[in-house]
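Reading the structure
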Amino acid sequence: PDGGVRMIYTPSVWNVRDLGGWACTGGRVKYGKIFRGGNFGSISAADKATIVDWLGVATDIDLRNNGETGGITVSPLGGSVEYYHQPLDFYANAVSTSAASARTVAVLKKVMACVAANKPCYFHCVSGSDRTGTIAYLLLSLLGVSQSDKDKDYELTAFSDEADGKRFRSTNYNVTNGNGWYPLIKYFRDTYTGENDNEKVVAWAVANGITIEEEAMKEREDEILANGQMMIDDILQKWEEKQKDHE
């Protein structure tokens, strides 16, 4: 990414990094708006200060199931941080049924709303890898980030303490039951039409309720793109126009 990958040093929280810096449609994803990582169950006071005071995270988006959260209703980051809980499925299982897609779309819309309100958000599951990686893939696809760079963003998890430098390419890439990186990509390739992987994700998004009428992103294009002229609404518009041309 432009300016380098921003992996955040938080010893008590796994796999924290900024989603910004990747080249995308119209510019680059802006730093300081969307963060991804692991859960805050054992967060230290120092790491809490890093995430809240230094990064400015204002919304904690928790993708874990009820058993994993322990039933919490407020963020471990403190009362000043909004807590949003939406349990998700993993990889292709998060997008392959209407019910699972509705939950996933709810999270995407929440991220969009945070960007629109200029409230930096942090989305996470347990270790910040699988469910977190799924949401990152969808967001970066909607923004027009290349497949190669999306692969790289996913693989950065292999450098975290949780992954122990060996987990992802060797064990998750070719899993056949839907709970893997390649099955997620393959699902879109097999199910939706488009000239590239990103257009196929856009087709899924349109089919599941993310439309050009979504105001959250349109209100603050500059908040997520460093030099962008196009945003998610523009990408969706062009996709819909292309479909009309083919009718």
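Worth saying up front: this structure is predicted, and the values here are computed from it rather than measured. (Residues numbered from 1 in each chain as written. Predicted model: local features only at pLDDT ≥ 70, side-chain atom pairs only at ≥ 80, totals over all residues. Heavy atoms only, no water.)

1. Considering the packing of helix α4 (residues 130–142) against helix α5 (residues 147–155)
With their axes 10 Å apart at the nearest point, α4 and α5 run at an angle of 155° to one another. Overall, the two elements α4 and α5 adopt an arrangement that is roughly antiparallel. Handedness of the crossing formed by α4 with α5: right-handed. Contact residues: α4 offers Asp130, Ala136, Tyr137, Leu140 and Ser141, while α5 offers Gln147, Lys150, Asp153 and Tyr154. Class assignment for the residues of the contact of α4 with α5 results in four nonpolar, two polar and three charged. (Axes fitted to C-alpha atoms, helices over the stretch in contact; angles between N-to-C directions. Helix = DSSP H or I, 4+ residues; strand = E, 2+ residues; numbered from the N terminus. Parallel < 35°, antiparallel > 145°, perpendicular 65-115°, else oblique. Left-handed = near helix turned anticlockwise from the far one by under 90°. Contact = heavy atoms within 4.5 Å. Nonpolar A, V, L, I, M, F, W, Y, C, P; charged D, E, K, R; others polar.)

2. Some words on the pattern of salt bridges
Following the criterion strictly, the structure yields ten salt bridges and no others. Ionic pairing is found between aspartate 153 and arginine 17, a salt bridge with its closest N-O pair at 3.6 Å. Of this pair, aspartate 153 sits in helix α5 while arginine 17 sits in strand β1 (residues 17–18), and the two are 136 residues apart along the sequence. With a relative accessible area of 2%, aspartate 153 lands in the buried category. Owing to a relative accessible area of 0%, arginine 17 belongs among the buried residues under this scheme. Measuring nitrogen to oxygen at the nearest pair gives 2.8 Å for the salt bridge that ties arginine 64 to aspartate 62. The structure contains a network of salt bridges with shared partners spanning Arg17, Arg36 and Asp153. (Salt bridge = Lys/Arg side-chain N within 4 Å of Asp/Glu carboxyl O. Buried < 20%, exposed > 50% of the residue type's maximum accessible area, 1.4 Å probe, protein only.)

3. Brief notes about helix α7 (residues 181–191)
Buried within α7 we find Trp181, Pro183, Leu184, Ile185, Tyr187 and Phe188. Tucked into the core, α7 has its buried residues touching α4, α5 and α8 (197–207).

4. Quick notes on the confidence of the model for the protein chain
Predicted confidence across the protein chain gives a mean pLDDT of 84, with 76% of residues reaching 70 or more. The low-confidence segment residues 213–221, where pLDDT is below 50, has 22 contacts with residues more than four positions distant or belonging to other chains. Every residue in residues 226–231 is under pLDDT 50, and counting partners more than four places away or in other chains gives 19 contacts. (pLDDT = per-residue confidence, 0-100.)

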